[in-house]
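Residue strings, one per chain:
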Amino acid sequence: DSIATVTGGYTHIIRRARGFVPAPVFVGEKTSRNILACGGELKNTIALSRGDQVFLSQHIGDLDNPAAFKFFEDSIEHLGRILEITPQAIAYDLHPEYLSTKWAIRQSLPSVAVQHHHAHLVSVMADNGVSEPTIGIILDGTGYGTDGTIWGGEVLIGDAAGFERHAWLETVAMPGGTAAVRQPWRMAISYLYHIYGSGLLDLQLPILGSVNRKTVEIILQMIDRKVNSPVTSSCGRLFDGVSALLGIRGEVSFEAQAAIELEMASCRDYQPPSMRFESATASGALPWGEIVQAIIAGLSRGDDVAKLAGEFQVNLAELFVSAAENARGK
């Protein structure tokens, strides 16, 4: 089924399926060839273009099991058949390990790799009928970056033809790689270590009481030795870490659970004092340390978790707004 939400009086489609598929999205400019877009590996959707129209498939899902991958292949064949569109080129995600990417590379058609968050930017532009160079704030969990690191908290300037990475969340290690996604407490430790170094072991925080000290020390060794600890600018991982830090969710059983529960736990009426983010007045890495330190100070005072969760989201939004305003002045 399709899923939508209403924010600020506008309806936003979160998942396009029953009732919206296969109605086309009009992109305003005709493509010279029919293009098949293969999508990512998680929450996969494929699309076919013809002229100035793009037809999206229903939600296919995560491709990490044989049944879902077979459905991915069947959807490509089915959508092409009912729309009478024969692909002449393929677009695929830049991530070399995505199953959708590997499938696309095996095909005999001309193909092009697309950076994950550039695709996010351009898809929103298409939804809104925008073609001129645009500033996009992309807050995501995982996207393979052009520098080989994991992106997910970016301010991009670009259009359909290309982009510039103007600003991004300061990178932090993901100890255990994908294990850090399943266990957000690992990200909380990583963020604390980034700020306080080994001094984090002396902090009086609930999360440090819930994780065995020896386990924490092993995590710190992994980060120091760069053992299975890729770096990321992901906003999703920051939400995970803060959720664990506040004691909301330290381990997850489904994707984005920690971030969803952090959002649900937030006080909606509280407006924190405005933070000034001088760090966002230049392009480059955006330090989040001040935001996390404010949470730690609040925990030390015994502030309400709902208040701190709301404060975190407002402060993070202000950081990105400041960075976007700086990008506009370029």
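Conventions and cut-offs
Residues numbered from 1 in each chain as written. Predicted model: local features only at pLDDT ≥ 70, side-chain atom pairs only at ≥ 80, totals over all residues. Heavy atoms only, no water. Patch = residues over 30% accessible without salt bridge, like charges linked within 9 Å, V, L, I, M, F, W, Y side chains within 5 Å. Areas by Shrake-Rupley, 256 points an atom, 1.4 Å probe, with all protein chains shown as cover. Salt bridge = Lys/Arg side-chain N within 4 Å of Asp/Glu carboxyl O. Helix = DSSP H or I, 4+ residues; strand = E, 2+ residues; numbered from the N terminus. Pairing = 2+ DSSP bridges. Right-handed = clockwise from strand over helix to strand, strands pointing away. 1 Å grid on protein atoms, 1.4 Å probe; cavity = no way out; pocket = protein on both sides within 12 Å on 5 of 7 lines; lining within 4 Å. Points joined across faces, edges and corners; volume = space filled by probe spheres on them. Nonpolar A, V, L, I, M, F, W, Y, C, P; charged D, E, K, R; others polar. Phe/Tyr/Trp six-rings, centres within 6.5 Å; stacked < 30°, edge-to-face > 60°. Buried < 20%, exposed > 50% of the residue type's maximum accessible area, 1.4 Å probe, protein only. Lys, Arg positive; Asp, Glu negative; His and termini not counted. Polar contact = N/O pair within 3.5 Å; in protein donor to acceptor, adjacent residues only side chain to side chain. Contact = heavy atoms within 4.5 Å.

Caption draft 1: Structural detail: a nonpolar patch on the surface. A cluster of nonpolar side chains, F254, I260 and M264, forms an exposed patch at the surface whose accessible area comes to about 300 Å². Along the polypeptide, I260 turns up in helix α9 (residues 257–265).

Caption draft 2: A look at the pairing of strand β8 (residues 111–114). Here strand β7 (residues 89–93) pairs with β8 via four bridges, running parallel. Within β8, the position partnered with Y92 by the bridge is A113. Read from β7 through helix α2 (residues 99–106) to β8, the crossover connection turns out right-handed.

Caption draft 3: Structural view of empty space enclosed by the protein. Inspection of the entire model under this criterion finds three cavities of 30 Å³ or more. In this structure, the largest cavity spans a volume of roughly 40 Å³. Residue lining of the largest cavity: A188, Y191, L192, L238, G241, V242, L245 and V292, and that is the complete set. Breaking the lining of the largest cavity down by element, the ones donating at least two residues are α5 (184–196) and α8 (235–245). Considered class by class, the residues forming the lining of the largest cavity number seven nonpolar, one polar and no charged.

Caption draft 4: Summary view of the packing of aromatic side chains. All told, the structure shown has five aromatic pairs when counted by the stated rule. Each residue in the set F69, F72 and W103 is aromatic and connected to the rest through ring pairs, giving one cluster.

Caption draft 5: How the structure looks around the side chain of R186. Looking at the secondary structure, you find R186 in helix α5. It is E251 that comes nearest to the buried, bridge-free R186 among opposite-charge side chains, at 7.6 Å. Within polar-contact distance, the side chain of R186 engages the backbone oxygen of P175 at 3.4 Å. Beyond its immediate chain neighbours, meaning those up to four positions away, R186 contacts P175, G176, A179, A180, I219 and M222.

Remember that the coordinates give geometry; whether it matters functionally is a separate question.
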